[in-house]
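# Residue-level structure breakdown
The residues making up each chain are set out below.
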Amino acid sequence: MISMKRIFTLAIAGLLTACTSQISINDVLPQQELDRTIYLRGDFTLWDAEPQYQFAPVGPALYQTQVKFSTPGKVYEFKIADADFSEGYNCGYSDAQPAGQKLTLGQPAIADCNTIYNYFSFTPAIKGTYIVSIDYSDYDKPQVTITKK
């Protein structure tokens, strides 16, 4: 014979299973959609917002664009910003970042999107196409990463 305690435990387990099966990955991951277009803007664009450097969404809270760096050893400087360098959409390095403005291939760096002068810098070891990503999973501390395509 099954005890009341056992029936109650099975009923609760069934309810919990039914509830958890309706949770999707989108309920767990943060969803930060930008309300404007952002660009990779740097010395290679004369700091203009050019369409070929527009960021595109590639996942929840993740945006990417590509850039071709043709001079190995050259220091390239850039920011991620909207067309007007608006407050909240003018992302450079965070003063809290120990490495400062220099990005290292594959290593995320915290961005400050309310900065005026703090631009990132990157020195490619080889020429080629690179992917610049900004991850807004933590909207107050977005992370910028550069990788080789």
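Residues numbered from 1 in each chain as written. Predicted model: local features only at pLDDT ≥ 70, side-chain atom pairs only at ≥ 80, totals over all residues. Heavy atoms only, no water.

## Overview of the environment of Tyr119
You can see Tyr119 is positioned in the loop between strand 6 (109–112) and strand 7 (120–122). Taking C-alpha positions, Tyr119 is 6.4 Å from Gln101, a pair spaced 18 residues apart along the chain. Those residues in contact with Tyr119 that sit more than four places away from it in its chain are Trp47, Glu77, Phe78, Lys79, Tyr93 and Gln101. (Helix = DSSP H or I, 4+ residues; strand = E, 2+ residues; numbered from the N terminus. Contact = heavy atoms within 4.5 Å.)

## As for the pairing of strand 5 (residues 90–93)
Relative to strand 5, strand 4 (residues 76–81) runs antiparallel, the two sharing 2 bridges. Residue pairing in the sheet places Ile80 in a bridge with Cys91 of strand 5. Relative to strand 6, strand 5 is paired through 2 bridges, and the arrangement is antiparallel. Across the sheet, the residue bridging to Tyr93 is Ala111, located in strand 6. (Pairing = 2+ DSSP bridges.)

## Brief notes about the pairing of strand 4
Burial within strand 4 is extensive, with 5 of its 6 residues counted as buried. For strand 1 (residues 39–42) and strand 4, the ladder comprises 4 bridges, and the chain directions are antiparallel. In the strand pairing of strand 4, Tyr39 is matched with Ala81. Summarising the sheet, strand 4 and strand 7 pair through 3 bridges and their orientation is antiparallel. In the sheet register, Glu77 faces strand 7, and the bridge partner there is Ser121. (Buried < 20%, exposed > 50% of the residue type's maximum accessible area, 1.4 Å probe, protein only.)

Note that all results are geometric; they support no functional claim without further evidence.
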